[in-house]
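Given next are the chains, with one letter for each unit.
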Amino acid sequence: MSAVMTLTKEIATEKENEKDALFRTSPVLEIKNLSISLYEDKGGEEHRLVKKLNLSIRPGEMLGLAGESGSGKSLTASAILGLLPKSLSVSEGQILIRGQDLLNLSEKEMGHLRGKEIAYIFQNYQDSFTPFIKIGRQLVEALRSHDKISKPEAKKQALLWLERVKLPAEQIFSSYPHQLSGGQLQRASLAAALMFEPVLIIADEPTTALDVLTGEKVLDLLAGLQKELNCAVLLVSHDLKHVLKRTDSMAVMYGGQIVEKGATKSLRENPRHPYTKLLLKARPILRYTALEKFAAIPGEPGLIAKEGCTFALRCPLSFEQCYMVPAMQPAGRFQWTACQAVDREKVDTNA
Amino acid sequence: MLEVKNVSKSYRSNTVLTDVSFHLEQGECLGLIGESGSGKSTIAKLILALDRSDSGQIIVNNVDFSQLKGRELRKARRHVQVVFQDPSASLNPKLPVWKSVIEPLENYPEASPSFLKEVRNEKRKMAEILFEKAGLQSGLLDRYPHQLSGGQRQRVAIARGISLQPNLLIFDEPTSNLDVSIQAQILNLLKDLKSEINMSYLFISHDIATVQYISERIAVLKEGRLVDLFKTKDLFSADRHPYTKELIDAALE
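Residues numbered from 1 in each chain as written. Chains lettered and ligands numbered in written order. Predicted model: local features only at pLDDT ≥ 70, side-chain atom pairs only at ≥ 80, totals over all residues. Heavy atoms only, no water.

### Describing the UniProt feature "domain: ABC transporter" (unreviewed entry) in chain B
Okay, step 1: As recorded in UniProt, the feature "domain: ABC transporter" (unreviewed entry) lies at residues 2–248 of chain B.
Okay, step 2: A helix fraction of 35% and a strand fraction of 25% characterise residues 2–248 of chain B, whose end C-alpha atoms lie 27 Å from each other. (UniProt positions renumbered as here; feature names shortened; annotations may be inferred. Helix = DSSP H or I, 4+ residues; strand = E, 2+ residues; numbered from the N terminus.)

### Details of the domain arrangement of chain B
Residues and elements named next belong to chain B.
Okay, step 1: Domains assigned within chain B are domain 1 (1–79 + 170–253) and domain 2 (93–165).
Okay, step 2: Taken together, the contacts link 15 residues of domain 1 with 16 residues of domain 2.
Okay, step 3: Summed over both sides, the interface of domain 1 with domain 2 buries roughly 1,400 Å², with 65% coming from carbon and sulfur.
Okay, step 4: Among the residues of domain 1 in contact with domain 2, Arg74, Arg78 and Ile197 are the three that bury the most area, contributing 41% of the side total.
Okay, step 5: Taken together, the links from domain 1 to domain 2 amount to one salt bridge.
Okay, step 6: With a shortest N-O distance of 2.8 Å, Glu196 and Lys133 are connected by a salt bridge.
Okay, step 7: Where domain 1 meets domain 2, there are five residue pairs in polar contact (both at pLDDT 80 or more).
Okay, step 8: The set of elements that each furnish at least two residues to the side of domain 1 that touches domain 2 consists of α2 (70–77) and α7 (180–197).
Okay, step 9: Ranked by residue count, the leading element in the side of domain 1 that touches domain 2 is α7, at eight residues.
Okay, step 10: Within the side of domain 1 that touches domain 2, the residues separate by chemical class into nine nonpolar, one polar and five charged. (Domains from an automatic or database assignment. Contact = heavy atoms within 4.5 Å. Buried area = accessible area lost by both parts, 1.4 Å probe. Salt bridge = Lys/Arg side-chain N within 4 Å of Asp/Glu carboxyl O. Polar contact = N/O pair within 3.5 Å; in protein donor to acceptor, adjacent residues only side chain to side chain. Nonpolar A, V, L, I, M, F, W, Y, C, P; charged D, E, K, R; others polar.)

### Regarding the pairing of strand β7 (residues 200–204) of chain A
All names here are of chain A.
Okay, step 1: Taken across its five residues, β7 has five buried, putting it largely inside the fold.
Okay, step 2: As paired strands, strand β6 (residues 118–121) and β7 are joined by four bridges and run parallel to one another. Considered in β7, the bridge of Ala119 is made with Ile201.
Okay, step 3: The pairing of β7 with strand β8 (residues 232–237) spans five bridges and is parallel. Bridge pairing links Asp204 to Val236 in β8.
Okay, step 4: Taken together, β7, helix α8 (residues 212–229) and β8 constitute a β-α-β crossover, and its handedness is right-handed. (Buried < 20%, exposed > 50% of the residue type's maximum accessible area, 1.4 Å probe, protein only. Pairing = 2+ DSSP bridges. Right-handed = clockwise from strand over helix to strand, strands pointing away.)

### Quick word on the sheet that holds β6(A)
All names here are of chain A.
Okay, step 1: Pairing in this open sheet of eight strands is mixed, and the strands run β6-β7-β8-β3-β9-β10-β12-β11 from one edge to the other. The open sheet has two edge strands, β6 and β11 (329–332), and neither has a second partner. For this sheet, the mean inter-axis angle between neighbouring strands, taken without regard to orientation, is 20°.
Okay, step 2: α8 contacts β3 (62–66), β6, β7 and β8 of the sheet and is inclined by roughly 160° relative to β8.
Okay, step 3: Lying on the sheet, helix α11 (residues 274–282) is in contact with β9 (249–254) and β10 (257–263); it crosses β9 at an angle near 100°. (Axes fitted to C-alpha atoms, helices over the stretch in contact; angles between N-to-C directions.)

### Regarding the domain arrangement of chain A
Residue and element names in this part refer to chain A.
Okay, step 1: Taken domain by domain, chain A comprises domain 1 (19–254) and domain 2 (260–344).
Okay, step 2: Put simply, the middle of domain 1 and the middle of domain 2, counted by C-alpha atoms, are 27 Å apart.
Okay, step 3: Each partner contributes to the interface: domain 1 provides 21 residues, whereas domain 2 provides 24 residues.
Okay, step 4: A per-residue breakdown of the area domain 1 buries against domain 2 is headed by Leu244, Val252 and Tyr254, which together make up 38% of the total.
Okay, step 5: Our enumeration of links across domain 1 and domain 2 arrives at one salt bridge.
Okay, step 6: Residues Arg314 and Glu68 are paired through a salt bridge, measuring 3.9 Å at the closest nitrogen-oxygen approach.
Okay, step 7: Taken together, the elements giving at least two residues each to the side of domain 1 that touches domain 2 come down to α1 (2–24), β2 (46–57), α9 (240–246) and β9.
Okay, step 8: The greatest single-element share of the side of domain 1 that touches domain 2, amounting to six residues, is contributed by β9.

### Observations regarding the packing of aromatic side chains
Okay, step 1: According to the stated counting rule, one finds eight aromatic pairs over all chains in the structure shown.
Okay, step 2: The interplanar angle of 50° and the centroid separation of 4.7 Å between the aromatic rings of A:Tyr275 and A:Phe311 together place this pair among those described as tilted. With A:Tyr275 in helix α11 and A:Phe311 in the loop between α11 and β11, this pair connects stretches of sequence that are 36 residues apart. Just as A:Tyr275 is buried, A:Phe311 falls in that class too.
Okay, step 3: Cluster of aromatic residues (ring-pair linked, three or more members): A:Tyr254, A:Tyr275 and A:Phe311.
Okay, step 4: The residue whose ring lies beneath B:Arg74 is B:Tyr108, and the NZ or CZ to ring-centre distance is 4.7 Å. (Phe/Tyr/Trp six-rings, centres within 6.5 Å; stacked < 30°, edge-to-face > 60°. Lys NZ or Arg CZ within 6 Å of the ring centre and 35° of its normal.)

### Thoughts on the state of the cysteines
Put plainly, a disulfide is one covalent bond tying together the sulfur atoms of two cysteines.
All names here are of chain A.
Okay, step 1: Evaluated as defined, the whole model comprises zero disulfides over all chains.
Okay, step 2: Cys339 carries a free sulfur, and the closest cysteine sulfur to it, the one in Cys322, is 5.9 Å from it.
Okay, step 3: Residue Cys339 is classed as buried on the basis of its relative accessible area, which comes to 6%. (Disulfide = S-S within 2.5 Å.)

### A short note on the pairing of β10(A)
Residues and elements named next belong to chain A.
Okay, step 1: Among the seven residues in β10, seven count as buried, and that is most of the element.
Okay, step 2: Counted along the chain from β9 to the antiparallel partner β10, the turn is two residues long, and its residue Gly255 has a positive phi close to 55°.
Okay, step 3: In the sheet, β10 pairs with strand β12 (residues 335–337) via three bridges, with the strands oriented antiparallel. Paired with Lys261 across the strands is Trp336, a residue of β12.

### Section: the sheet that holds strand β5 (residues 63–64) of chain B
Residues and elements named next belong to chain B.
Okay, step 1: Reading across the sheet, the four strands line up as β2-β1-β4-β5 and stay open at both edges, with antiparallel pairing between neighbours. The outermost strands of the open sheet, each flanked by one partner alone, are β2 (14–24) and β5.
Okay, step 2: In the sheet, strand β4 (residues 55–60) pairs with β5 via two bridges, with the strands oriented antiparallel. Looking at the pairing, Ile59 lines up with Asp64 of β5.

### Quick look at the side chain of B:Asp228
Residues and elements named next belong to chain B.
Okay, step 1: Its location among the elements puts Asp228 in strand β10 (residues 225–231).
Okay, step 2: Residue classification places Asp228 among the buried positions, given a relative accessible area of 8%.
Okay, step 3: A polar side-chain atom of Asp228 sits 2.9 Å from the main-chain amide nitrogen of His241.
Okay, step 4: Side-chain polar atoms of Asp228 contact the side chain of Thr244, separated by 2.7 Å.
Okay, step 5: In this view, Asp228 contacts Ile218, Ala219, Val220, Arg240, His241 and Thr244; residues no more than four positions away in its chain are not counted.

Here it is in structure tokens:
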């Protein structure tokens, strides 16, 4: 019996070591002190929608960015792709891909990177393809626009990738987008995103428009291909279930700020920030015995404190200091929390 | 109080519902789950008599809805109300929300909900009481729909839904558009209201976890057929239909 226990323990340490290794390799994406602002007019008042965000993802790592509407998670994803709406701009910080700052690149250089080194999958997969051109031709053209290869060679690659996303390749190749189901179309856009073997994939709510079962299959596929390619994935989702189930690490955003981040397992088992705690409790999850009542979070996601911790106005634990500068502080081995109240935690948030 | 008997429906050559039967007790909440295209919203449409079934019966309080026409149908409809996923589509953008909330009461002067008895002729007062029931501050009475948040709008739609004290309130994905923290608030509200006003709910959703929380029984629809119907406490029983088990697996973490 003790032999079995030692063995289990050994396996456990091995897993821990693997995880350590994951956190040690140098990041593919590093976001440093990023702020995104909306200016009312030229020189007018500044509204900061994303505030001093720090984040990094390593090869083979899937990081989940979770938060409610207005948390800034999709803005962050758009900023990485250089696709922020015109009214918004990056007001400070850096977005580094393998050490290179994307914010210093020209539109043209960014265009080369986007779609090739950095791939993306969106919620509205219908928009990934032009409706009146067959899927195959679109894939071939995309391949040839980034790489100098012949048409037959491109076709071969496109077919291969359609197979890799488990679609009937020949049939899909010669179909128009509208002839595909939602799940098929999202798979095809996954093929389009992955065929350049990108170093980073941005998946912004990739399953929100899909049925539950179809969505799970798409995520299975994404996870499998990520392993094969050893690329980094940023999964943006309002659905904590996907983030908890799929990612290695996660960041929880509220009102443009990361309130807590770290290893997913660590955040899930020991959330420290009151917002993370409440969010984990407020969502409907399947339970063996159904709950009598949810622990609802008071207020609305639009309620954002201007200074200090963005969640302070809705937080049951907030005190004066929360309205000053939030400081990200270690709250575990692989966990950081921007909460001033985290050490005053005698107050019960279970109510 | 509601009986759906062998209902089938096709649109042209598309069969949407095949021989669907279930019933609902007074004061009960039945959850109806299924993926898109399973026919769950069509069932709502048929019960609301917004469309006719090809065959079968829909009986509300011993009256066969599928046989009613004109004035009779209009009269009977008051007992069945609905709250949709997108409240901005069900509220008149040109009306302050308090007027939208009492509109059903103006359309049915004969309706006399117990909680509005004392103020039945005072429109503003009725709206105030309905607002309070839905957890809305009276300061929001004069707002227009676009001036409210998504959660507040859904509360307005709920206030309107309960205004006639219907026997049956149908919810079609009422929380799918809302943020997690608001979802929980709304679900808590619905649970409270049901016991307070004594209504029956038909709660349509694609999310099995939400349905587990709110319903006493669950019906599972797949490609227009009812494949499973059971008490919520038996959700994890071995007798569940393979499709139900698949949905459960996908929902577990």
